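Examining the three-dimensional arrangement
Residues per chain are reported as follows:
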Amino acid sequence: MSEAKTGESGRSNVVVKVGMVGDAQVGKTTLMVKYVENKFDEEYIMTLGVNFMEKTITLRNTEITFSIWDLGGQREFLSMLPLVCNDAVATFFMFDLSRKSTLNSIKEWYRQVRGLNRNAHAFLVGTKYDIFATLPTEEQQDIDKMARKFAAAMHAPLIFTSASHSINVQKMFKVVLSKVFDLRCNLEQIENVGEPLLLFTDSPTAGSGSAGAAAQQPGSAAAAAPAPAAAPATAT
Ligand SMILES: Nc1nc2c(ncn2[C@@H]2O[C@H](COP(=O)(O)OP(=O)(O)OP(=O)(O)O)[C@@H](O)[C@H]2O)c(=O)[nH]1
Ligand SMILES: [Mg+2]
């Protein structure tokens with residue numbers, strides 16, 4: 001759960017815990033480090049257990065601290081899943097857009113996480129869009145279609161990212177804020193096959209475009225700031 005308190009600055013501070021799960025090497029740690037430190041590392045360093053990072057942003061008069069928990073994707077670390085998803089308000093279900101098997105695994109990750117936390121907002125996040133973009137069109141269409149189907153079944157936003165090319169990384173966290181605080185999201189959706197998808201209205205289905213997007217006005221690329229009163233006041 002999020003935690004609301006007033007800091008020395010007089011601003012209210014809210015903690016938003018986000019859990020990251022998905023197969024080994026899909027790019028969970030890389031995405032977290034990219035968002036928090038704006039760094040990209042080509043080298044793979046397997047996460048042994050759980051990683052944790054924080055980033056605080058200010059929106060109007062509210063400080064939001066993202067507390068990001070990243071579980072190593074090797075099966076042996078599954079016992080640590082409760083650390084990552086208990087009390088999380090959002091879960092990123094992550095797969096590698098260039099390895100379809102990692103998308104298939106999402107079913108099992110979803111089952112495991114939902115068994116522990118049914119309240120967190122689910123996000124389906126494809127990684128390595130830069131590699132995906134070099135795949136044959138047919139392959140891209142196949143993965144795109146399957147990802148939309150999964151996202152619809154999960155009632156989850158669907159976001160294709162690239163940590164190496166800084167695609168949709170910041171935007172993804174803005175969508176988190178809009179979902180967690182039930183705010184209108186001012187980001188423009190990206191919805192065509194082959195593009196780095198950014199779909200956050202309720203049911204992103206294949207080819208449906210922005211059905212139900214009437215309330216999502218394209219505009220400045222930012223989620224509206226939550227009024228302090230809108231922030232959950234429950235302590236963890
Ligand atoms: N081209 C490209 N490579 C990426 C991207 N994101 C991650 N990688 C690479 O993918 C490899 C695996 O990334 P990690 O972030 O360590 O993967 P992980 O999901 O944390 O893996 P585990 O800790 O074993 O669960 C690394 O070599 C990264 O450099 C991306 O957006 N584009
Ligand atoms: Mg890792």
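Residues numbered from 1 in each chain as written. Chains lettered and ligands numbered in written order. Predicted model: local features only at pLDDT ≥ 70, side-chain atom pairs only at ≥ 80, totals over all residues.

1. Description of the overall build of the chain
When helices and strands are counted, the chain shows seven helices and eight strands. By the burial criterion, 42% of the 236 residues in the chain qualify as buried. Put simply, 72% of the contacts in the chain that link residues at least 6 apart link residues at least 24 apart. (Helix = DSSP H or I, 4+ residues; strand = E, 2+ residues; numbered from the N terminus. Buried ≥ 20, exposed ≤ 12 C-beta atoms within 10 Å, placed from the backbone. Contact = placed C-beta atoms within 7 Å.)

2. Details of the pairing of strand β6 (residues 121–127)
In terms of residue burial, β6 counts as a mostly covered element, since five of its seven residues are buried. As paired elements, strand β5 (residues 90–96) and β6 share seven bridges and run parallel to each other. Residue pairing in the sheet places T91 in a bridge with A122 of β6. Bridge analysis of β6 against strand β7 (residues 158–160) gives three bridges, and the strand direction is parallel. Paired with G126 across the bridge in β7 is F160. (Pairing = 2+ DSSP bridges.)

3. Remarks on the site of ligand 1
Every one of the 24 residues lining ligand 1 counts as a neighbour, but G27, T29, T30, T47 and G73 are closest to it. If you list the elements that add at least two residues to the shell around ligand 1, you get α1 (28–37) and α5 (129–132). Of all the elements, α1 adds the most residues to the shell around ligand 1, at three residues. (Near = placed C-beta within 6 Å.)

4. Examining unusual backbone geometry
The backbone of N38 sits at a positive phi, close to 55 degrees, despite the residue not being glycine. Residue classification places N38 among the exposed residues on the basis of 10 C-beta atoms within 10 Å. The backbone phi angle of S166 is positive, close to 50 degrees, even though this residue is not glycine. By the element assignment, S166 lies in the loop between β7 and α7 (169–180). A tally of 13 C-beta atoms within 10 Å means that S166 is categorised as partly exposed.

5. Comments concerning the pairing of strand β2 (residues 12–21)
Side-chain positions along a regular strand alternate between the two faces of the sheet. Burial of β2 is extensive: nine of the ten residues sit out of reach of the surface. In terms of strand pairing, β2 meets strand β4 (residues 62–71) through nine bridges, oriented parallel. Counted as the bridge partner of K17 is S67 from β4. When β2 meets β5, the two strands line up parallel, connected through four bridges.

6. Points about α7
The end-to-end C-alpha distance of α7, which contains twelve residues, comes to 17 Å, matching closely the 16 Å that a straight helix rising 1.5 Å per residue would cover. Of all twelve residues that make up α7, nine are buried, and the element is covered over most of its length. Of all the residues in α7, the buried ones are K171, M172, F173, K174, V175, V176, L177, S178 and V180. Positive phi shows up at D182, right after α7, with a value of about 55 degrees. (Expected span 1.5 Å × (residues − 1).)

7. Concerning the environment of S101
With respect to the helices and strands, the residue S101 is situated in helix α3 (residues 100–104). The class for S101 is exposed, based on 9 C-beta atoms found within 10 Å.

8. A short note on the nonpolar core
Within the largest apolar cluster, 59 residues are counted, with the highest numbers of intra-cluster contacts made by V16, V18, M20, F93, L124, I159 and V176. Not counting the four nearest positions on each side in its chain, V176 is found in contact with V16, V18 and A90. (Core = buried A, V, L, I, M, F, W, Y, C linked by C-beta atoms within 7 Å.)

9. Brief notes about helix α6 (residues 137–154)
Across its 18 residues, α6 extends 26 Å between first and last C-alpha, which sits within 8% of the 26 Å expected from 1.5 Å per residue. Taken together, the buried positions of α6 are I143, D144, A147, R148, F150 and A151. Buried residues of α6, viewed axially, fall in a sector of 165 degrees; they line one side. Taken together, the buried residues of α6 touch α3, α4 (106–116), β6, β7 and β8 (198–199). Count one or two residues on from α6 and you reach H155, which has phi positive near 50 degrees. (Arc of directions from axis to C-beta.)

10. A closer look at the environment of L59
Looking at where L59 falls in the secondary structure, it is placed in strand β3 (residues 50–59). We classify L59 as partly exposed; it has 18 C-beta atoms within 10 Å.

11. Side note on the confidence of the model for the chain
With 83% of its residues at a pLDDT of 70 or more, the chain has an overall mean of 86. Here residues 203–236 scores under 50 on pLDDT; set against residues more than four positions off or in separate chains, the count is 70 contacts. (pLDDT = per-residue confidence, 0-100.)

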